[in-house]
Amino acid sequence: MNIREFKKLGLACFFMIGVVLSGCHSYVLDDAQFDLRDSFTAADYQSSEELLKKLKKKNIYRSKDQVLYNLESGMIYHFSNKYDSSSFYLSNAENEIDQNYTKSVSRGVGAFLTNDNKLVYDGEPYEDVYLNAFKALNYIHLQDWEAALVETRRMTYKMEQLDIKIKGLASAFAKSDSTGKTDWKTGDVNIQNSALGHYLSTVLYAKAGDIDDARIEREKLEIALKEQATLSTGRNIVKSDLSKLQNSNTYNVLLAGFTGRAPYKVQEDARVFMDDYDDEKDNEFYLKFSFPVLRTYHSDINYVRAVINDSITIPLDLIEQMDKVSAEVYKAKQPIIYSRALIRASSKAVGTKLISGAVREKNEFLGDLLQILGFIAQETTEKADLRSWQTMPGQAWLKTIKLPEGINTVRIEYVGRNGRVRYFDEFDVNITPKTELELVESIYAN
């Protein structure tokens, strides 16, 4: 090997090492995300807040992960009862999702060098919807009905636009894809209503005195519940008389209990290895592509109930299976993710084959070495993007009740499948003659 070939080998090795190292950060972020999920699940929100700040200070959450950082911050502050701060971060996440979406086409199709983890995180479509639910709850806590209604209306609009948005993204990718290796088809979004959003809207319109709008929202709520019933396996959707929601005089307290965890992503890999006999020389072709698969978490909780003043027990209604809705929405987008992964991996494999083949014409050893390094680079840099909103709950349970004036004790209990109470939160709720609506909210993220 002469000095020029040695330099070429050194440059190639340096490049491959750089490519490998560029993908390492994504593994660090994955671990940090699961640490944050564990901290949040333990209901130690102060520790979760400190952990998130520590991760940000260590640059684990980088500028490309800003949407994710804001979503996690918004949820942690929400359950820390810091509602203004929660809305600030959730609003930031929403604005960034909107801005990033407009840039995603030119950025996304060209991301072939390493993996999707190098891209700015756009947020999943279902995350963009549910952030408005928690902004609405923030404003209900702050007694700002109009601001809360703005958020529930945003939820309705986004749900109605989901199918259009995902198909539009696929169409734009198809126009910018010059490889011709995929047709960029998507699935259909069969869920177009959020029962949680329409439930909150019904309550808010009723309390604002807009009886007709409250009736319309209640009718949409029933449609949403029927849509969700098609996703349910073994979970009982609400059977209460929903028409009572239209009559604001029948309640002065809204109970909200959240259970379970958001869906999470796991990596699945596919590999192709074959020999291409060209001019009596082995020219091996190796292809690996990785893609994220969404998995739902199995909650330990069978139902949620409220115990009022240690005497009256009231079951809460399962209004929204947020995890199932999220999985259904993600399923429609999944073909886009597969197509990008396949094109990206194919581009790497073809690049390795062409470069090593050209070098092999002059130096067989160097060509073989570059091919091996290309295989290693594919194996180490091809990684699925597993980023997702870790602190989002899995199910939403709601109920409206009317409490008498004075201090009332409300205990929200989470009952496991064995009939035992796994966890409870207790609140003192002060009802006065001026009380319009008090929100009592709890979470057990298991």
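All values derive from a computational prediction rather than experimental measurement.

### Things to note about the sheet that holds strand β5 (residues 312-315)
Here is step 1 of the chain: Pairing within the open sheet is antiparallel, and its 4 strands lie in the order β5-β4-β8-β9. Across the chains shown, the open sheet's two edge strands, defined by having one partner strand only, are β5 and β9 (421-431). Strand-to-strand twist in this sheet, taken as the mean axis angle between neighbours without regard to direction, amounts to 25°.
Here is step 2 of the chain: Bridging between strand β4 (residues 301-308) and strand β8 (residues 406-416) involves 7 bridges; their strand directions are antiparallel. When the bridges of β8 are listed, R305 appears paired with E413.

### Topic: the packing of helix α6 (residues 125-141) against helix α8 (residues 195-207)
Here is step 1 of the chain: Running from amino to carboxyl end, α6 crosses α8 at an angle of 25°, the nearest separation of the two axes being 10 Å. Taken together, the axes of α6 and α8 are roughly parallel relative to one another. In the packing of α6 onto α8, the handedness of the crossing is left-handed. Counting all contacts with α6, which are made through A133, A136, L137 and I140, the residues of α8 involved are L196, L200 and L204.
Here is step 2 of the chain: Tallied by class, the residues present in the contact of α6 with α8 amount to 7 nonpolar, no polar and no charged.

### With respect to the layout of surface pockets
Here is step 1 of the chain: In this model, the second largest pocket occupies a volume close to 310 Å³.
Here is step 2 of the chain: Taken together, 18 residues make up the lining of the second largest pocket; nearest its centre are N81, Y83, H141, F427 and E441.
Here is step 3 of the chain: Elements represented by at least two residues in the lining of the second largest pocket include exactly α4 (66-79), β9 and β10 (438-444).
Here is step 4 of the chain: The element that contributes the greatest number of residues to the lining of the second largest pocket is β10, accounting for 6 residues.
Here is step 5 of the chain: Per-class residue counts for the lining of the second largest pocket are 10 nonpolar, 4 polar and 4 charged.

### Details of the side chain of E413
Here is step 1 of the chain: Structurally, E413 can be placed in strand β8.
Here is step 2 of the chain: Overall, the relative accessible area of 8% leaves E413 in the buried class.
Here is step 3 of the chain: Looking at E413, its side chain comes within polar contact range of the side chain of R305, at 2.6 Å.
Here is step 4 of the chain: A distance of 2.9 Å separates polar atoms of two side chains, one belonging to E413 and the other to R411.

### So, the pattern of salt bridges
Here is step 1 of the chain: In total, this model carries 27 salt bridges according to the counting rule given.
Here is step 2 of the chain: D98 is the partner of R154 in a salt bridge, and the nearest nitrogen-oxygen pair spans 3.9 Å. Highlighted residues: R154 in helix α7 (residues 145-176) and D98 in helix α5 (residues 83-108), separated in sequence by 56 residues.
Here is step 3 of the chain: Judged by relative accessible area, R154 falls into the partly exposed class, the value being 29%.
Here is step 4 of the chain: Note that R387 is salt-bridged to D385, the shortest N-O span being 2.9 Å. Of the two residues, R387 and D385, neither departs from the other in class, the shared state being buried.
Here is step 5 of the chain: A single salt-bridge network, built from bridges that share partners, covers E94, D98, D128, K135, E151, R154, K158 and K165.

### Examining unusual backbone geometry
Here is step 1 of the chain: Residues other than glycine seldom take positive phi values, yet N59 does so here, at roughly 65°.
Here is step 2 of the chain: Along the chain, N59 falls in the loop between α3 (45-57) and α4.

### A short note on α6
Here is step 1 of the chain: Compared with the 24 Å implied by 1.5 Å per residue over 17 residues, the 26 Å span of α6 between its first and last C-alpha is a close match.
Here is step 2 of the chain: Burial within α6 is extensive, with 17 of its 17 residues counted as buried.
Here is step 3 of the chain: Immediately downstream of α6, the backbone of Q143 shows phi near 65°, a positive value.

### Regarding the pairing of strand β1 (residues 253-259)
Here is step 1 of the chain: Taken across its 7 residues, β1 has 7 buried, putting it largely inside the fold.
Here is step 2 of the chain: Residues of β1 alternate between two faces, with V253, L255, G257 and T259 on one and L254, A256 and F258 on the opposite face, all of them buried.
Here is step 3 of the chain: Sheet analysis places β1 next to strand β7 (residues 395-401), joined by 7 bridges and oriented antiparallel. By the bridge assignment, F258 is partnered in β7 with A396.
Here is step 4 of the chain: By the bridge criterion, 7 bridges tie β1 to β10 in an arrangement that is parallel. Across the sheet, the residue bridging to G257 is S442, located in β10.

### Overview of the packing of aromatic side chains
Here is step 1 of the chain: Taken as a whole and judged by the stated rule, the model has 14 aromatic pairs.
Here is step 2 of the chain: Here the aromatic rings of F40 and Y45 are separated by 5.3 Å at their centres, their planes lie at 50°, and the arrangement is tilted.
Here is step 3 of the chain: Accessibility expressed as a relative area gives 3% for F40, which makes it buried.
Here is step 4 of the chain: Judged by relative accessible area, which is 15%, Y45 ranks as buried.
Here is step 5 of the chain: With 5.1 Å between their ring centres and 10° between their planes, Y423 and Y444 make a pair best called stacked. Of the two residues, Y423 sits in strand β9 while Y444 sits in strand β10, which places them 21 residues apart along the sequence.
Here is step 6 of the chain: Accessibility expressed as a relative area gives 11% for Y444, which makes it buried.
Here is step 7 of the chain: Among the aromatic residues, ring-to-ring pairing joins F40, Y45, F79, F134 and F258 into one connected group.
Here is step 8 of the chain: Stacked on the ring of Y101, the Lys or Arg K165 has its end atom at 4.8 Å from the ring centre.
Here is step 9 of the chain: Lying across the ring of Y27, K383 places its NZ or CZ 5.0 Å from the centre.

Conventions we followed
Residues numbered from 1 in each chain as written. Predicted model: local features only at pLDDT ≥ 70, side-chain atom pairs only at ≥ 80, totals over all residues. Heavy atoms only, no water. Pairing = 2+ DSSP bridges. Helix = DSSP H or I, 4+ residues; strand = E, 2+ residues; numbered from the N terminus. Axes fitted to C-alpha atoms, helices over the stretch in contact; angles between N-to-C directions. Parallel < 35°, antiparallel > 145°, perpendicular 65-115°, else oblique. Left-handed = near helix turned anticlockwise from the far one by under 90°. Contact = heavy atoms within 4.5 Å. Nonpolar A, V, L, I, M, F, W, Y, C, P; charged D, E, K, R; others polar. 1 Å grid on protein atoms, 1.4 Å probe; cavity = no way out; pocket = protein on both sides within 12 Å on 5 of 7 lines; lining within 4 Å. Points joined across faces, edges and corners; volume = space filled by probe spheres on them. Buried < 20%, exposed > 50% of the residue type's maximum accessible area, 1.4 Å probe, protein only. Polar contact = N/O pair within 3.5 Å; in protein donor to acceptor, adjacent residues only side chain to side chain. Salt bridge = Lys/Arg side-chain N within 4 Å of Asp/Glu carboxyl O. Expected span 1.5 Å × (residues − 1). Phe/Tyr/Trp six-rings, centres within 6.5 Å; stacked < 30°, edge-to-face > 60°. Lys NZ or Arg CZ within 6 Å of the ring centre and 35° of its normal.

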